[in-house]
Amino acid sequence: MTAALGAHKAGRRRLFLPFFLPAVSLYVLFLLVPTVATVVLGFTSWAGAGDTPRFTGLANFGELLASDSFRFSFLNTLLYIVVGGVGTFLLAFLFTMVLRDMRGGKTVRAILFFPNIVAPVALGMFFGIVLIFRPNRQGLVNFVLESFGIDAVKFLAPENVTWVVTGCLIWASAGFYITILMAAVDRIPPYLYEDADIAGASPWQKFRNITLPLTWDVIGVAGVLWTIGAIKIFELVFVLAGPGTYSPPIQSWTLGVYVFDRSFGTAGSPEYGMACAAAVVMIALVSVLVVMLRRMMRRDSVQF
Amino acid sequence: MTVTAPRVPKPTVPPRVAPRRPRPAPGSRGLSPLRLLGMAFVWLFTAFNILVLYWLLTATFKTPIEIFTKPFALPYQWFERGDPFRNIIYAWSNAGFGRAFLVTVVLVAVSSVAIVLVSAPAAYALTRLGVRGSNGLTNFIAIGMGIPFQTVVIPLFIGMAKLNLTNSLFGMFLVYVALSIPFTVFLLTGFFRSLPDELEEAASIDGASPLRTFFSIMLPLARGGLITALILNAIGLWNETLLALVFLNENANFTLARALFSFYGAASYQSEYGGLIAGVAIVVLPMLVLYVLLARRIITGLTLGAGK
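Residues numbered from 1 in each chain as written. Chains lettered and ligands numbered in written order. Predicted model: local features only at pLDDT ≥ 70, side-chain atom pairs only at ≥ 80, totals over all residues. Heavy atoms only, no water.

How should the overall build of chain A be read in this particular structure?
When helices and strands are tallied, chain A shows twelve helices and two strands. Walking chain A from its N terminus toward its C terminus, one meets helices and strands in the order α-β-β-α-α-α-α-α-α-α-α-α-α-α. Relative to the globule expectation of 19 Å for 304 residues, the C-alpha radius of gyration of chain A, 24 Å, shows a markedly less compact shape. Principal axes of the C-alpha set define a box for chain A whose edges measure 80 × 70 × 30 Å. Counting only residues that meet the buried cut, chain A has 54% of its 304 residues in that class. Put simply, 66% of the contacts in chain A that link residues at least 6 apart link residues at least 24 apart. Accessible surface, chain A as shown: approximately 13,500 Å² in total, 67% of it carbon and sulfur. Distance between charge centroids for chain A: 11 Å, based on 22 positive and 16 negative side chains. (Helix = DSSP H or I, 4+ residues; strand = E, 2+ residues; numbered from the N terminus. Rg over C-alpha atoms; globule rule 2.2 N^0.38 Å. Buried < 20%, exposed > 50% of the residue type's maximum accessible area, 1.4 Å probe, protein only. Contact = heavy atoms within 4.5 Å. Areas by Shrake-Rupley, 256 points an atom, 1.4 Å probe, with all protein chains shown as cover. Lys, Arg positive; Asp, Glu negative; His and termini not counted. Charge placed at Lys NZ, Arg CZ, Asp CG, Glu CD.)

Explain the pattern of salt bridges to me, please; I cannot follow it from the model alone.
When charged atoms on two side chains of opposite charge get close, those side chains can pair. Here the structure, examined in full by the defined rule, presents eight salt bridges over all chains. Put simply, Asp 197 of chain B and Arg 128 of chain B hold a salt bridge, and the shortest N to O gap is 3.1 Å. On the criterion of sequence distance, the pair formed by Asp 197 of chain B in helix H9 (residues 197-205) and Arg 128 of chain B in helix H5 (residues 97-128) is long-range, its members being 69 residues apart. We note a salt bridge from Glu 200 of chain B to Arg 128 of chain B, for which the minimum N-O separation is 2.9 Å. Taken together, the positions of Glu 200 of chain B in helix H9 and Arg 128 of chain B in helix H5 put the pair 72 residues apart, joining distant regions of the chain. Neither residue differs from the other here; Glu 200 of chain B and Arg 128 of chain B are each classed as buried. Salt bridges sharing partners connect three or more residues here, namely Asp 261, Arg 262 and Glu 271 of chain A. (Salt bridge = Lys/Arg side-chain N within 4 Å of Asp/Glu carboxyl O.)

Can you help me understand helix H9 (residues 203-230) of chain A in this one?
Taking 1.5 Å per residue as the helical rise, H9 of chain A with its 28 residues ought to reach 40 Å, whereas the 30 Å between its terminal C-alpha atoms falls clearly short. Roughly 65° is the biggest bend found in H9 of chain A, and it falls at Trp 216 of chain A. (Expected span 1.5 Å × (residues − 1). Bend = angle between axes of the 7 residues up to and from the residue.)

Which parts of the structure should I look at to understand the packing of helix H3 (residues 68-99) of chain A against helix H1 (residues 33-59) of chain B?
Two elements in contact, H3 of chain A and H1 of chain B, have axes whose closest approach is 9 Å; the angle formed by their N-to-C orientations is 115°. With respect to their mutual orientation, H3 of chain A and H1 of chain B come out roughly perpendicular. Between H3 of chain A and H1 of chain B the crossing geometry is left-handed. In contact with Leu 91, Leu 94, Phe 95, Met 97, Val 98 and Leu 99 of chain A of H3 of chain A, H1 of chain B contributes Arg 35, Gly 38, Met 39, Phe 41, Val 42 and Phe 45 of chain B. In terms of residue class, the contact of H3 of chain A with H1 of chain B is built from ten nonpolar, one polar and one charged. (Axes fitted to C-alpha atoms, helices over the stretch in contact; angles between N-to-C directions. Parallel < 35°, antiparallel > 145°, perpendicular 65-115°, else oblique. Left-handed = near helix turned anticlockwise from the far one by under 90°. Nonpolar A, V, L, I, M, F, W, Y, C, P; charged D, E, K, R; others polar.)

Would you mind going over the interface of chain A and chain B with me for this structure?
It is common to give the size of an interface as the accessible area lost on bringing the parts into contact. Each partner contributes to the interface: chain A provides 97 residues, whereas chain B provides 99 residues. Summed over both partners, the interface of chain A with chain B comes to about 8,800 Å²; 79% of that surface belongs to carbon and sulfur atoms. When the buried area of chain A at its contact with chain B is split by residue, Phe 19, Phe 30 and Ile 117 of chain A rank highest and sum to 9% of it. Counting the contacts that link chain A with chain B gives zero salt bridges. One can count 13 residue pairs in polar contact (both at pLDDT 80 or more) joining chain A with chain B. With 23 residues, helix H1 (residues 2-41) of chain A is the largest single contributor of residues to the side of chain A that touches chain B. Partitioned by chemical class, the residues of the side of chain A that touches chain B number 71 nonpolar, 14 polar and twelve charged. (Buried area = accessible area lost by both parts, 1.4 Å probe. Polar contact = N/O pair within 3.5 Å; in protein donor to acceptor, adjacent residues only side chain to side chain.)

Would you explain the nonpolar core in this entry?
Most often, soluble globular proteins have nonpolar side chains that are buried together. The biggest cluster of nonpolar side chains holds 200 residues, and the ones touching the most others in it are Trp 55, Ile 154, Val 175, Phe 192, Phe 247 and Leu 276 of chain B. For this core, the element with the highest residue contribution is helix H7 (residues 158-186) of chain A, accounting for 17 residues. Once residues within four sequence positions are removed from consideration, Phe 247 of chain B is found in contact with Val 153, Leu 156, Phe 157, Met 160, Thr 166, Asn 167, Ser 168, Met 172 and Val 175 of chain B. (Core = buried A, V, L, I, M, F, W, Y, C linked by side-chain atoms within 4.5 Å.)

So what exactly am I meant to see when it comes to the UniProt feature "transmembrane region" (unreviewed entry) in chain A here?
Residues and elements named next belong to chain A. The positions that UniProt labels "transmembrane region" (unreviewed entry) are, in the present scheme, residues 15-43, 78-99, 111-133, 163-185, 214-241 and 272-293. For residues 111-133, the end-to-end C-alpha separation is 28 Å, with 61% helix and 0% strand making up the annotated structure. Measuring from the first to the last C-alpha atom of residues 272-293 gives 31 Å, for a span that is 100% helix and 0% strand. (UniProt positions renumbered as here; feature names shortened; annotations may be inferred.)

Would you mind going over the packing of aromatic side chains with me for this structure?
Within a pair of aromatic rings, the relevant descriptors are the distance that separates the centres and the angle that separates the planes. Applying the stated rule across the entire model yields 45 aromatic pairs over all chains. Taken together, a centroid distance of 6.1 Å and an interplanar angle of 85° make the contact between Trp 171 of chain A and Phe 48 of chain B edge-to-face. In this pair, Trp 171 of chain A is assigned in helix H7 and Phe 48 of chain B in helix H1, connecting two distinct chains. The class for Trp 171 of chain A is buried, based on a relative accessible area of 10%. A connected cluster of aromatic rings, assembled from ring pairs, spans Phe 89, Phe 93, Phe 113, Phe 114, Phe 176, Tyr 177, Trp 204, Phe 207 and Trp 226 of chain A together with Tyr 291 of chain B. One residue, Lys 232 of chain A, lies across the ring of Phe 149 of chain B, its end atom 5.6 Å from the ring centre. One Lys or Arg, Arg 81 of chain B, reaches over the ring of Trp 78 of chain B and ends 4.9 Å from the middle of that ring. (Phe/Tyr/Trp six-rings, centres within 6.5 Å; stacked < 30°, edge-to-face > 60°. Lys NZ or Arg CZ within 6 Å of the ring centre and 35° of its normal.)

Take a look at the structure:
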């Protein structure tokens, strides 16, 4: 029988390649090879189809550093990752403190989760209409402000839009991170909280000494998910800050918008080489941030 | 004395009730002002989300004037003119959402099925066949989830253009299937890993071939995971915009998100806000229906990777 099982094991090993190969070849062909190609093309000067790439070394990156649009893109992306991330996680922590033993908590979670399955383009347009500044025909938010006698605000003006996008981002993503963290909080044995209650712990103390240490690993994973999600923010900014068909003002750009504008955006002549260089910056940034985050979050796991 | 004394308090003892969940200790429910403030905030946030949905649903049936001057009222102007579905009809036929809807439904359905068909055997091979290095290979594929699409889109576009696969729905299908593989394989490895070993052994003792074991034992067992993968990919592709923006540039091939994107500029220029919001609703509502029906599966599926 063991021999039969052994033969069977060998037969199963033979299945490996036919099962694994289709997926991995698509993955390599459509994801890895283009990524490597982008890295190589980032060091070339290349206008796009019809032009041949010429190797120019680090010239693209020097040009990126010198250009205002790239500086805005880079700083905005960093802002969305850091400020948006801190805001989202603070909100999620606050919700975990309250939702843990609140009645109707499951319903609240389901409602808060909903924006996550709405297309970012649709979210962007929704906010674009709601936040519009147009005297006498204000969007919803300015309508409410004016009905309270407060002056309407030009939310979508280039100097404000970055913060408005940050707010929208936090609102839209909070539900996802609340759900992840709550799934982890639900696994914490309730007697720990009961003990803490008997000892007279405040909600903050319970959060600091029970919830935080026992969900630390999940927070780490959620942080990585946030980073790889926030680095590619594109549609939301593109439609919220701009007229939709062509790029918004450069003060609101993200790296994703920069790459799109320099390659497929309709305004101006394309510069594929520069777009690839900016894409290389995106990969480098996401790798550095994820590695940093993993380092920061590393510690001995707590058994419970 | 010792006999009668216990008899006296007996009637005051309440009848025993079924075991209940332990009562929260004093101070944990409703008492602290901080907690009340927190709960008020949570409910306010939730109410705001519902208000957003209400605004979207009502605005779909409003004229632009109503949208901006009576944002909270129920729609009435189009109803008075006997044309309540005017916005939806405008978006559906004049702005090309009708065709885009059909294209999207077919493209999303075919792509999601293909993604699962390609990913399920791979996830099975990585978790169940006991091949050395499987963990490393799983990580190698999972890394793909961290690559932003912006970094692959330029070479991919050039390559696909050489093969005449740009501005073609078949090309779009290929790109969607390939780029969804990392997430789907990663999701499904979790499901296959949780299945018990004994069933496979029993099948092999009964003389089932490895291939048959996969198709008639393991796939049915992992059905829950496969359906979750199907739904999550369908949602993701339904909402996908960047790739559609790059690879499709003819109205006839537009997906819904792509059509909405193109319509935005024209609609806001002509103040066609009614049609625009109807377009947003056409993109959002099918997902809302799906979500209401399958909220639990969608939420657990999407948060699975992080919780494990």
